[in-house]
Amino acid sequence: MESLFINIGNLCREKVVELTEVLNLPEAFAGYFMVLIYAIAILTFVLLNAIVLVYLERKIAAYLQQRLGPNRVGPRGILQSLADVVKLLGKEDIIPRAADKWIFRLAAVLVIVPTVMVYAVIPFGKDMIAVDLNIGIFYFIAISSTATIALLMAGWGSNNKYSLLGSMRVVAQMVSYEIPLVFSMLGVIMIAGSLQMSDIVAAQKDMWFIVFQPVAFLIFIIAATAELNRGPFDLPEGEQEIIAGPFTEYSGMRYALFFTAEYANLISTSAIAATLFLGGPSGPWLPSWMWFLIKVYAMILFFMWIRWTIPRIRIDHLMKLNWKFLVPLSLVNIFVTGVALKLFSGW
Amino acid sequence: MYGYGLLKGLRVTLGNFFGRAVTEQYPERRPFISPRFHGFFQLDLKKCNGCGVCSLSCPNGAIQVTSERDENKKRFVTGYKISLGYCLFCGLCVEACPRDALRFTQEFELSSYRREDFVCDLLEIEKREKICSREPA
């Protein structure tokens with residue numbers, strides 16, 4: 001069980017090498033094919049989980065509010081998100097006449113690209129990182145922050161005041177909250193002494209970093225919720241003020257792409273939280289990839305729990321919380337971590 | 001303590017999560033109706049003598065009672081029509097009945113497709129139900 005997916009990968013590699021030999025292709029092609037297979041595997045993982053998460057989110061939200069949630073399509077409403085996918089696929093693709101057509105179209109595609117790209121460095125299990133970069137966590141930060149520009153494009157391209165205002169809010173929020181997010185990761189990186197994901201996981205062999213860095217974990221949770229544009233920081237969307245924010249003019253499959261990106265971001269951020277603070281894919285008895293899934297889903301459930309409990313805050317309070325509370329606190333955390341590392345340099 | 005409210009809220013929703021839902025799954029499961037619910041009307045033919053006090057007490061004039069007298073000059077009811085479209089379900093007719101012949105049932109699904117269907121002949125309904133349940137008249 002432990003090396004189930006690794007064995008599947010090795011089998012694929014053997015077959016691909018055989019195939020390239022049969023077709024008389026250069027050896028490098030085997031590598032390209034393997035990259036393609038990894039990409040497809042990750043995409044499948046992301047999309048399947050997104051579908052599950054849509055259902056899970058609605059069910060959890062309902063249970064937290066003493067409701068039942070979707071329960072009509074299939075047993076206990078389990079086919080609800082499939083029905084939604086079919087509905088979205090069948091919808092008319094509307095592009096407003098006044099929209100900047102290329103930017104409008106591109107935004108929906110661009111939003112999903114960085115979202116999927118960050119999965120390259122996520123350790124799904126022991127030796128199960130697609131690319132174990134030596135700057136893994138830095139790559140995650142760099143790539144995930146480019147998703148902001150796709151949302152700005154969506155808002156600008158729609159040529160609609162609500163979209164533009166919404167996307168301005170997204171940019172303000174995501175750029176501001178990037179800072180405490182990165183600073184909170186820094187504490188972990190200082191202890192691990194490496195940006196590489198496998199090193200960070202290995203450094204947590206004896207003790208999870210949540211024990212050494214509880215404040216950083218708290219800051220990470222708050223900043224990540226804001227980065228994901230989820231409640232209580234779901235300000236880019238708001239029926240009363242700015243309709244659906246940057247997504248106002250989108251419908252059908254383009255809207256579904258934004259929706260998928262949202263949930264894919266949720267999974268990747270939860271995965272990073274699990275890797276940095278909860279020991280990544282390590283754990284007793286069960287295979288490592290299963291431990292990883294359990295930890296990721298625990299984080300996802302926690303995010304959902306927060307979203308459906310705490311009411312949203314005002315935009316100026318959001319900025320105040322960030323610049324006057326989280327950023328100084330994360331700086332203090334880095335300072336304290338540094339001092340502690342110097343004092344107990346055995347770690 | 002700063003942030004205590006957040007934890008309190010989280011505890012409340014966690015309790016909800018493991019608690020029961022308040023949603024009623026109406027068509028599949030019948031809802032609980034309290035005994036004093038103002039639903040449909042039931043007329044006890046043995047008690048009703050067609051005096052028409054219910055009709056007089058109705059603020060909207062939704063009840064039409066017709067009656068005749070038999071050979072002993074005793075009044076008996078010949079028609080009892082109630083127009084649910086005008087009915088407020090205030091219960092004044094039930095209160096007013098001197099012989100407790102009229103009472104509310106727990107039946108609440110009273111919508112219909114046509115305006116005419118709102119006029120219900122309680123007498124007819126009572127007679128039909130007698131036949132259905134094969135009670136000795």
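The rules behind the values
- Residues numbered from 1 in each chain as written.
- Chains lettered and ligands numbered in written order.
- Predicted model: local features only at pLDDT ≥ 70, side-chain atom pairs only at ≥ 80, totals over all residues.
- Heavy atoms only, no water.
- Helix = DSSP H or I, 4+ residues; strand = E, 2+ residues; numbered from the N terminus.
- Rg over C-alpha atoms; globule rule 2.2 N^0.38 Å.
- Buried < 20%, exposed > 50% of the residue type's maximum accessible area, 1.4 Å probe, protein only.
- Contact = heavy atoms within 4.5 Å.
- Areas by Shrake-Rupley, 256 points an atom, 1.4 Å probe, with all protein chains shown as cover.
- pLDDT = per-residue confidence, 0-100.
- Core = buried A, V, L, I, M, F, W, Y, C linked by side-chain atoms within 4.5 Å.
- Expected span 1.5 Å × (residues − 1).
- Pairing = 2+ DSSP bridges.

Novice: Help me understand the overall build of chain B in this model?
Specialist: Scanning chain B from terminus to terminus reveals 4 helices and 5 strands. Tracing chain B from N to C terminus, the helices and strands come up as α-β-α-β-β-α-β-β-α. For 137 residues, the compact-globule formula gives about 14 Å, and the C-alpha radius of gyration of chain B, at 23 Å, lies well above that figure. Taken over the C-alpha atoms alone, chain B extends approximately 85 × 35 × 30 Å along its principal axes. Residue burial in chain B is summarised as follows: out of 137 residues, 26% are buried. Restricting to contacts in chain B with at least 6 residues of sequence separation, those with at least 24 account for 70%. Summed over all atoms, the accessible surface of chain B reaches about 10,300 Å², with 53% contributed by carbon and sulfur.

Novice: Help me out: how do you make sense of the confidence of the model for chain B in this one?
Specialist: Parts of the prediction with low pLDDT should not have their coordinates interpreted in detail. Per-residue confidence for chain B averages 85 on the pLDDT scale, and 94% of its residues sit at or above 70. For this predicted complex, the interface score ipTM comes out at 0.73, alongside a pTM of 0.81.

Novice: Where do I start with the nonpolar core in this structure?
Specialist: Inside soluble globular proteins, nonpolar side chains tend to come together where they are buried. Ranked by internal contacts, the top residues of the largest apolar core, which has 63 residues, are Tyr119, Met185, Phe220, Ile272 and Leu276 of chain A. At the level of elements, helix H2 (28-64), helix H6 (136-145), helix H8 (161-192), helix H9 (197-203), helix H11 (214-227), helix H13 (252-277), helix H14 (288-307) and helix H15 (315-343) of chain A are the ones that each hand at least two residues to this core. The biggest single contributor to this core is H13 of chain A, with 10 residues. Ignoring anything within four residues of it in the chain, the contact list for phenylalanine 220 of chain A reads Leu181, Ser184, Met185, Thr269, Ile272, Ala273 and Phe277 of chain A. Formed by 23 residues, the second largest nonpolar core is a distinct cluster that contains Cys58, Leu84, Cys87 and Val94 of chain B.

Novice: So what exactly am I meant to see when it comes to H13 of chain A here?
Specialist: Each full turn of the α-helix corresponds to 3.6 residues, which orients residues three or four apart in the same direction. Residue and element names in this part refer to chain A. Between its first and last C-alpha atoms H13 spans 38 Å; for 26 residues at 1.5 Å apiece the expected length is 38 Å, and the two agree. The element H13 is extensively covered by neighbouring structure, given that 21 of its 26 residues are classed as buried. Immediately downstream of H13, the backbone of glycine 279 shows phi near 80°, a positive value.

Novice: How should the pairing of strand E2 (residues 63-69) of chain B be read in this particular structure?
Specialist: Working note: regular strand, side chains alternate between the two faces of the sheet. Where E2 of chain B meets strand E3 (residues 75-83) of chain B, 7 bridges bridge the pair, whose relative direction is antiparallel. Residue pairing in the sheet places arginine 69 of chain B in a bridge with arginine 75 of chain B of E3 of chain B.

Novice: Is there a simple way to explain the environment of phenylalanine 104 of chain A in this structure?
Specialist: Residue and element names in this part refer to chain A. Tracing the chain through its elements places phenylalanine 104 in helix H4 (residues 101-110). With relative accessibility at 0%, the residue phenylalanine 104 sits in the buried group. Sequence separation between phenylalanine 104 and alanine 150 is 46 residues, and the spatial gap between their C-alpha atoms is 9.5 Å. Excluding anything up to four places from it in sequence, phenylalanine 104 contacts Ile94, Ile95, Pro96, Ala99, Gly157, Ser158, Glu249, Tyr250 and Arg254.

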